[in-house]
Amino acid sequence: MRIVEEENEIILYNDENERIGEMTLMKMGNRIVITHTGVAIEYRGKGLAKLLIEAGIEKARKENLKLQATCPYAAKYFRVHEDELQDVLK
């Protein structure tokens, strides 16, 4: 598996270089809004969406940005992990 960051997406590829997941981002000033997180049906339930969210968190920390989410999965992840994400949550 590998994760590739593009302009408005973070993409997850399997070992055969097939795109199996993505997270869509909107950069707005000093914040990133996660608008969508998706994983191919056959790969769901394996923690891959979490890998995408963690890549977004790492990006926010590296670029000193705040995070918000309109994506239901990301919003729930942020609520559950709120204490450990205080440095990046808006």
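Residues numbered from 1 in each chain as written. Predicted model: local features only at pLDDT ≥ 70, side-chain atom pairs only at ≥ 80, totals over all residues. Heavy atoms only, no water.

Caption draft 1: Layout of the packing of aromatic side chains. Following the criterion strictly, the structure yields zero aromatic pairs and no others. Cation over ring: Arg2 sits above Tyr13, and NZ or CZ is 4.6 Å from the ring centre. (Phe/Tyr/Trp six-rings, centres within 6.5 Å; stacked < 30°, edge-to-face > 60°. Lys NZ or Arg CZ within 6 Å of the ring centre and 35° of its normal.)

Caption draft 2: Structural view of the environment of Asn14. One can find Asn14 in the loop between strand E2 (9-13) and strand E3 (19-28). Residue classification places Asn14 among the buried residues on the basis of a relative accessible area of 4%. In this structure the C-alpha to C-alpha distance between Asn14 and Arg2, which are 12 residues apart in sequence, comes to 6.6 Å. At a separation of 2.9 Å, a polar atom in the side chain of Asn14 contacts the side chain of Tyr43. (Helix = DSSP H or I, 4+ residues; strand = E, 2+ residues; numbered from the N terminus. Buried < 20%, exposed > 50% of the residue type's maximum accessible area, 1.4 Å probe, protein only. Polar contact = N/O pair within 3.5 Å; in protein donor to acceptor, adjacent residues only side chain to side chain.)

Caption draft 3: Inspection of the environment of Leu52 at higher detail. You can see Leu52 is positioned in helix H1 (residues 48-62). Between the C-alpha atoms of Leu52 and Thr35, which are 17 residues apart in sequence, the distance is 12 Å. When sequence neighbours within four positions are dropped, the list of residues in contact with Leu52 reads Ile10, Ile11, Leu12, Gly21, Glu22, Met23, Thr37, Gly38 and Val39. (Contact = heavy atoms within 4.5 Å.)

Caption draft 4: Seen up close, H1. For H1, built from 15 residues, the straight-helix expectation of 21 Å at 1.5 Å per residue is met to within 8% by its first-to-last C-alpha distance of 21 Å. Burial in H1 covers these residues: Leu48, Ala49, Leu52, Ile53, Ala55, Gly56, Ile57, Lys59 and Ala60. Looking at the packing, one finds that the buried side of H1 touches strand E1 (2-5), E2, E3, strand E4 (31-39), strand E5 (66-69) and helix H2 (72-80). Phi for Asn64, located one or two positions after H1, is positive at around 55°. (Expected span 1.5 Å × (residues − 1).)

Caption draft 5: Representation of the environment of Leu51. Position of Leu51 relative to the elements: it lies in helix H1. As a C-alpha pair, Leu51 and Gly21 span 30 residues in sequence and 9.9 Å in three-dimensional space.

Everything listed here is a matter of geometry and, on its own, says nothing about what the molecule does.
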